[in-house]
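# Chain and residue survey
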2 protein chains.
Amino acid sequence: MKVTLYDTTLRDGAQTEGISFSVTDKIRIAQKLDALGIHYIEGGWPGANPKDMEFFKKVKRAGLKNSQVVAFGSTRRAKTKTTYDSVLRALLTADTKVITIFGKSWDLHVKDVFKVPLDENLKMISDSIKYLKSKGKKVFYDAEHFFDGYVHNPEYAKQTILAAQEAGANAVILCDTNGGTGTSEIFKIVREIKEILGVPLGIHTHNDGDMAVANSLAAVQAGATHIQGTVNGIGERCGNANLISIIANLSLKLGVSCISRINLKELTEASRYVAEICNMKQLDSQPFVGNSAFAHKAGVHINAILKNSKTYEHIDPHLVGNRRRLLISELTGKSGLLQKAEELELELDKNASKTKRLLKLLQTMEHEGYHFEAAEASLELLMKRTLKKFKDFFKLEDFRVIIEKQKNQIKSEAIIKLKVGKHLQHTAALGDGPVNALDNALRKALKDFYPGLSEMHLADFKVRVLDEKAGTAAKVRVLIQSQDKTNSWWTIGVSENIIEASWQALMDSIEYKLLKDAK
Amino acid sequence: MKVTLYDTTLRDGAQTEGISFSVTDKIRIAQKLDALGIHYIEGGWPGANPKDMEFFKKVKRAGLKNSQVVAFGSTRRAKTKTTYDSVLRALLTADTKVITIFGKSWDLHVKDVFKVPLDENLKMISDSIKYLKSKGKKVFYDAEHFFDGYVHNPEYAKQTILAAQEAGANAVILCDTNGGTGTSEIFKIVREIKEILGVPLGIHTHNDGDMAVANSLAAVQAGATHIQGTVNGIGERCGNANLISIIANLSLKLGVSCISRINLKELTEASRYVAEICNMKQLDSQPFVGNSAFAHKAGVHINAILKNSKTYEHIDPHLVGNRRRLLISELTGKSGLLQKAEELELELDKNASKTKRLLKLLQTMEHEGYHFEAAEASLELLMKRTLKKFKDFFKLEDFRVIIEKQKNQIKSEAIIKLKVGKHLQHTAALGDGPVNALDNALRKALKDFYPGLSEMHLADFKVRVLDEKAGTAAKVRVLIQSQDKTNSWWTIGVSENIIEASWQALMDSIEYKLLKDAK
């Protein structure tokens, strides 16, 4: 069995609270979806937003090889001739081979929102599809609120999609627009519609009931062959169905073919890439592709995993490009620490006193607020420092940072004194804020000794108050993500002083790079 | 129909990457679950963790009225007499009326992890349950990996739960421990087991396939009456089934009674409270209870919602204690802005030039990186400032912040000059980092004029790099959450200088408080 994947990250996904794509963002996402082998990419609603029209122009030169770009819009307005309708005209201007239009299948919407007679709505659907077909387009029809409509007035809901089929739609997509329909109901309704419709059936679900993925798969099991969703399930309210989870489940669980096995290995990377462009952190717990999806913390689980990975993993993480992680935490105990040491090629004997000391140190620091799970580079440095596996690349004497604001001008300056071997470096630098000034001064002091630092930069910076009750005087945790040409890594600092915490994370980030380059 | 809710936030939830509960945290969560009317609270694994034993001691005096506390552990070890088994003894020491033990239902685990004969495993299950029953306990049996076991060796899987039933278990819980089973398979298997088992059946699912909630509901539809899950779906790897979503779906969709209608209204607050204790932000898109769950951004949606809320809401948000929000964004346009103005009781005419100016200003600022969706207090201030609905409470002349580190000592000092009316305040303060020092100096300068500030504190502080490519010189967005006795509110600042961005958010946070108090 084979199904068609239809991505709407760039249209429905763009409705997510907190997301605002630039045209460049949209092109980059389209290229990633194309590389993944998604069949259709819904690019936006031409006419509703000036950015979207620009996207349709630029995407033609984006070199897409596998995906067809789709323009999205509504049926014609009430009492308008199709030829003069501004929505339909804008759709044609987008100049795509495929167009998706949505129309109303729930009589409540026709009455309360459109305020037109039920018959006129059927004509709006029919006319619009016929018109776009007459222009040589492939037309998909999104039956908005189909499931709610079918429950309230099944006869009318059926009439709307039969009208779409008769007008020549190439597929009819049943939408659970409000996202509140249950899985068994989705299955039942799709199967009933499959009986009366000859044209390919699609499914478009939202996650308001926390069941969007299960609902999409149930629809496939009931006969749908066209599946709409967004990368990472972004979308308005609770989001759309997560296409990443759907692809993994179809391929690895239902044995339904959608993208190639080779492309399946790109799933994790694609999910993270899109999350980055959305400026959202990928959810650690995201099924299949999250950073924690195959991370094991409980001692009994780690013990079992080391004996047979099937004991606590539903699939091999490599199939979707993800990896197993064994976490160090209070709950883990020794076997996790030993496994981590092995990963890092550090010799650590189970019963040695230094193993116990290291475990104790980790537990104390975690108790103080360090979370090495989130900063594996700092964990590696700490383990190597404690086991005396490297000596410091430099030693700080002292620093001073001064920030001055006058009128609308603000200035940050860092003065730093450190030693590299016996050589004393005393220097100063400006920066955009104290951490940046420190970072600049530190690099300036080190650059003659370690030229490799120039290819590394800070990619993300997070600050978290650990104890809300203590207010601004609370302990804070700083996480820094750094990146060079080949890798990225996270480091951590904890202190009641945000600058001290940042400094710890900054130092670790640089030492990790130096250690990596020294190998 | 009525079902039993069994929460395992404090045990399985504690396995979440990044979470580490203190005993106080666990008590506070237990009290919240009790108030919500959850029937059973799994408190931890006594013996596996010293904290857990302390919890069982302290929870007795925590005044729980509705919930029964449950101790969790494994069956006896192989070849051990129950009376001498350390796990069972620790379970009894916890002194609860109810005990849950888990055992192996998948022959692979018995062979590869326990490395004991299949028969011995059946005896371990049977002996352990009989022993705990002989001590007067109510015993629940968690059949770990039941679904995987049933697929691989159905006969053996059945034997394990029949052994538990014969030994006197009060309920048998079928666990999808690896979280990879599909919804239709869960339904089918639960129905088959329901045929052969007389004791109440339970369901415990994980979210590795992105279907934990749908799977739990399918199990209920197939005959399960005991449902396990965690608040917000926290848990190892991809998490457990989200009990919050399950409760809402059972009550509002399936018509299955579990908690009272009045308690249902506490669902949103309970979810946020537990997220806070977990030190994790509640997911904005979390079904039913997330901040965005009923937030509308698309212009057509907002138009329709204003006509009839059913058009884009699957339930009334008040039923679960949540609320509708209409977002201001580039995509919304005027009708959202006008609605927001109405909410704030600001008169704003649809066609006035000041409306257009305000819309334009908001769009420009959003383009620069402000996200007013995430900082509604700053939005309110901006709208009121632009519409000249209040005058500033103070005016900054200049400030200077100095941070010095020497050896292991670090010091931050802020010097500030500002005017309240005609009165010049010039003062200085120390702090834990530059923002805290500024906050302290600012409060010091203002406290004689605005004593209400003393009851407000900073609750959360977030920094986000907006453009990773620019490295440490990138633009940053600072979000500050402030809290007083009755409310909390978010404010925002954006700048290439983290101190300037923090200062903007800090000023807004104080001005919002002063404006609120002035009402």
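What comes next is a walk through the structure. Since this is a predicted model, take the numbers as computed values, not measurements. (Residues numbered from 1 in each chain as written. Chains lettered and ligands numbered in written order. Predicted model: local features only at pLDDT ≥ 70, side-chain atom pairs only at ≥ 80, totals over all residues. Heavy atoms only, no water.)

Quick look at the pairing of strand 15 (residues 476-483) of chain B now. On a regular strand, each side chain points to the face opposite its neighbour's, so the side chains alternate between the two faces of the sheet. All names here are of chain B. Burial analysis of strand 15 places seven of its eight residues in the buried class, the great majority of the element. Looking at chain direction, strand 15 and strand 16 (residues 488-495) are connected through eight bridges and run antiparallel. Among the inter-strand pairings, R477 is bridged to a residue of strand 16, identified as V494. Counting the residues between successive antiparallel strands, the hairpin from strand 15 to strand 16 contains four residues. (Buried < 20%, exposed > 50% of the residue type's maximum accessible area, 1.4 Å probe, protein only. Helix = DSSP H or I, 4+ residues; strand = E, 2+ residues; numbered from the N terminus. Pairing = 2+ DSSP bridges.)

So, about the sheet that holds strand 12 (residues 409-420) of chain A. What the six strands build is an open sheet, ordered 13(A)-12(A)-11(A)-11(B)-12(B)-13(B); its pairing is antiparallel. At either margin of the open sheet sits one strand with a lone partner, and together these are strand 13 (423-431) of chain A together with strand 13 (423-431) of chain B. Across this sheet, the average inter-strand angle for adjacent strands is 10°, counted without regard to direction. In terms of strand pairing, strand 11 (residues 395-406) of chain A meets strand 12 of chain A through 11 bridges, oriented antiparallel. When the sheet's bridge partners are listed, A:Q406 is paired in strand 12 of chain A with A:Q409. Set on the sheet, helix 17 (residues 434-446) of chain B makes contact with strand 11 of chain A together with strand 11 (395-406), strand 12 (409-420) and strand 13 of chain B; between it and strand 13 of chain B the angle comes to about 145°. (Axes fitted to C-alpha atoms, helices over the stretch in contact; angles between N-to-C directions. Contact = heavy atoms within 4.5 Å.)

What follows concerns the packing of aromatic side chains. Taken as a whole, this structure holds 28 aromatic pairs over all chains when the rule is applied. Between B:Y40 and B:F140, the ring centres sit 5.0 Å apart and the planes meet at 90°, which makes this aromatic pair edge-to-face. Residue B:Y40 is found in strand 2 (residues 40-44), and its partner B:F140 is found in strand 5 (residues 138-144); the two are separated by 100 residues along the sequence. This pair shows no difference in class: B:Y40 is buried, exactly as B:F140 is. Residues B:W489 and B:Y512 carry aromatic rings whose centres are separated by 5.4 Å and whose planes lie at 40° to one another, so their mutual orientation is tilted. Remark: B:Y512 occurs in helix 18 (residues 498-518) and B:W489 occurs in strand 16; sequence separation between them is 23 residues. Summarising the burial analysis for this pair, B:W489 and B:Y512 share the class buried. Taken together, the ring pairs connect A:Y6, A:Y40 and A:F140 into an aromatic cluster. (Phe/Tyr/Trp six-rings, centres within 6.5 Å; stacked < 30°, edge-to-face > 60°.)

Another aspect to go through is the pattern of salt bridges. Considering all chains together, one arrives at 60 salt bridges over all chains under this definition. The closest approach of N and O atoms between A:R323 and A:E376, which form a salt bridge, is 3.4 Å. Residue A:R323 is located in the loop between helix 13 (299-307) and strand 10 (325-326), and its partner A:E376 is located in helix 16 (residues 376-386); the two are separated by 53 residues in the primary sequence. Note on A:R323: relative accessible area 41%, which makes it partly exposed. A salt bridge links A:E376 to A:K340; its shortest N-O distance comes to 3.9 Å. Separated by 36 residues along the polypeptide, A:E376 in helix 16 and A:K340 in helix 14 (residues 334-343) bring together distant segments of the chain. Exposure remark for A:E376: the relative accessible area of 24% places this residue in the partly exposed category. Residue classification places A:K340 among the buried residues on the basis of a relative accessible area of 7%. One salt-bridge network, held together by shared partners, links A:E17, B:R323, B:R325, B:K340, B:E343 and B:E376. (Salt bridge = Lys/Arg side-chain N within 4 Å of Asp/Glu carboxyl O.)

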